[in-house]
Amino acid sequence: MAVLLQSLRLIDPQRIHPPKNYIFTGSEIVEDNGDSGLKIKETIDCSTFFASRGWIDLRCMSGEPGEEYRESLDSLGELLAVSGFTKAVLMPNTKPAIQTKNEVQYVQSKASGWITDLVIQAAATKDCKGEDFTDILDLHHEWVFVYGDGTHPISNPDRLLKILQYLQKFGGLLFDQTYDPYLSLFGQMHEGVASTRLGMKGIPNLSEEIAVHRNLEILKYAGGKLHLQTISTKGAVDKIREAKKEGLNVTADVSLYQLLFSDEDMASFDTNLKVMPPFRGKEDRKALIKGLKDGTIDAIVSNHQPQDFDSKFMEFDLAAFGMAGLQTFLPGMVKLAEELTWPLLISKITEGPAKVLQNELSKMDNITVFDPEENWVFDQKSNKSLSANMPWFNTELKGKVKFVINKGRFVKI
């Protein structure tokens, strides 16, 4: 039984196409040429909607196993669908970490019913501590090909070198949130005029830039494929741009909220704005925008890190890092659409992350449909996450996902 989508405007990385009628056949989305012979089960007026290939998030987190009160796998599955994502990479930072066949099989089993395809990033080192290696080859037998320590940088250069070498045995991919933990020690926000004025210990740009430079030099020596996550500084963008020109197999992403906030926003001392890497200065933001436009930065990620109330409702320097970023992802893109354009934004959540994951986009078998103008209130009633660590909580937002098609399923939001 087919679904007819009337007057739908499709966005691809090149342009916004004129309104056309499309049919979801039950397995793929095709243009309606008037003689499909399919029996239409439902007709939907999509004249105010946009659509694109299904969105891909390269960085999100669950609390399960171990801290299900922050985010369970069940709540994350519903949240990803409501937020428009048809594929997502799950970080390994749970208790225990996702680091053995048992944890991988557990997560795979829980996610088997999701409409979202889950890609597991297994821990590269035990408990994500950057010391002893996990059994990478054993994990590969469970179809894991993405490795990393999630929110923890692999700061030991010897470990990074050996992981890159080992992953080449089967074409594995290393993700790393790159910064120097010692240069960031005790830091609460970006080091600059704002941190001095607010009297908070700052995290310098140098922390990220020196680590990015080191990792790129190791990649040049070892070979392999490296994906740098949540880039935030001008110097890091410049180094990645040069590395790509040299032909290094490196990709990068940026958190959506890094493009929406700056260190000046920290004056409110809102702990929901405490993230890692921290919000940087205006020049860094300009460099990130340029990096997105010229292809230096391949993807935009939600960096969804749910935290419970108690870990955020405390003194700023004691509060946990992280922001919930999935359900507000589309409203965030709406705020950036005029500056970055919809085709560019869509490319960074479809074509870009697909390239990072070495996936080919062939037939249109998944789609995300959204209304960029619909207003809704993000509050306890509408929130699908178990956490609410987002500065836009209890505010009216613009931009709503309407439905998602993936795995032959049609789900209205």
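Fair warning: this is a prediction, and the values are worked out from it, not measured in the lab. (Residues numbered from 1 in each chain as written. Predicted model: local features only at pLDDT ≥ 70, side-chain atom pairs only at ≥ 80, totals over all residues. Heavy atoms only, no water.)

**Thoughts on the overall build of the protein chain**
Step number 1: Secondary structure summary: the protein chain contains 12 helices and 18 strands in total.
Step number 2: Over its C-alpha atoms the protein chain spans a radius of gyration of 21 Å, differing by no more than 12% from the 22 Å that the globule rule assigns to 413 residues.
Step number 3: In the protein chain, buried positions account for 58% of the 413 residues.
Step number 4: The contacts of the protein chain with a sequence gap of at least 6 include a subset with a gap of at least 24, amounting to 74%.
Step number 5: Put simply, the protein chain shows about 16800 Å² of open surface, and 50% of that area lies on carbon and sulfur atoms.
Step number 6: Each charge sign in the protein chain was given a centre, from 47 positive and 56 negative side chains, and these centres are 3 Å apart. (Helix = DSSP H or I, 4+ residues; strand = E, 2+ residues; numbered from the N terminus. Rg over C-alpha atoms; globule rule 2.2 N^0.38 Å. Buried < 20%, exposed > 50% of the residue type's maximum accessible area, 1.4 Å probe, protein only. Contact = heavy atoms within 4.5 Å. Areas by Shrake-Rupley, 256 points an atom, 1.4 Å probe, with all protein chains shown as cover. Lys, Arg positive; Asp, Glu negative; His and termini not counted. Charge placed at Lys NZ, Arg CZ, Asp CG, Glu CD.)

**Some remarks on the pattern of salt bridges**
Step number 1: The full count for this structure, using the stated rule, is 23 salt bridges.
Step number 2: Across the salt bridge formed by E42 and K412, the nearest N and O atoms sit 2.4 Å from each other. Of the two residues, E42 sits in strand β4 (residues 40–45) while K412 sits in strand β18 (residues 409–412), which places them 370 residues apart along the sequence.
Step number 3: According to the relative accessible area criterion, E42 is partly exposed, its value standing at 25%. (Salt bridge = Lys/Arg side-chain N within 4 Å of Asp/Glu carboxyl O.)

**Observations regarding the sheet that holds strand β8 (residues 117–123)**
Pairing between the strands of a sheet comes from backbone hydrogen bonds, and it takes one of two forms, parallel or antiparallel.
Step number 1: The sheet built from eight strands is open, its strands ordered β6-β7-β8-β9-β10-β13-β14-β15 with parallel pairing. With partners counted over all chains shown, the strands left at the sheet margins are β6 (55–60) and β15 (299–301), one partner each. With strand direction ignored, the average angle separating the axes of adjacent strands in the sheet is 25°.
Step number 2: Against the sheet, helix α4 (residues 157–167) contacts β9 (146–148), β10 (173–177) and β13 (226–229), and its axis sits at roughly 155° relative to β10. (Pairing = 2+ DSSP bridges. Axes fitted to C-alpha atoms, helices over the stretch in contact; angles between N-to-C directions.)

**Considerations on the packing of helix α7 (residues 234–245) against helix α8 (residues 282–293)**
Step number 1: Relative to each other, α7 and α8 sit at 25°, their axes nearing to 8 Å. Our classification of the angle between α7 and α8 gives roughly parallel. The hand of the α7/α8 crossing is left-handed. Only D284, A287, L288, K290 and G291 of α8 make contact with α7, whose side of the interface consists of K234, V237 and R241.
Step number 2: Taken together, the residues that form the contact of α7 with α8 break down as three nonpolar, one polar and four charged. (Parallel < 35°, antiparallel > 145°, perpendicular 65-115°, else oblique. Left-handed = near helix turned anticlockwise from the far one by under 90°. Nonpolar A, V, L, I, M, F, W, Y, C, P; charged D, E, K, R; others polar.)

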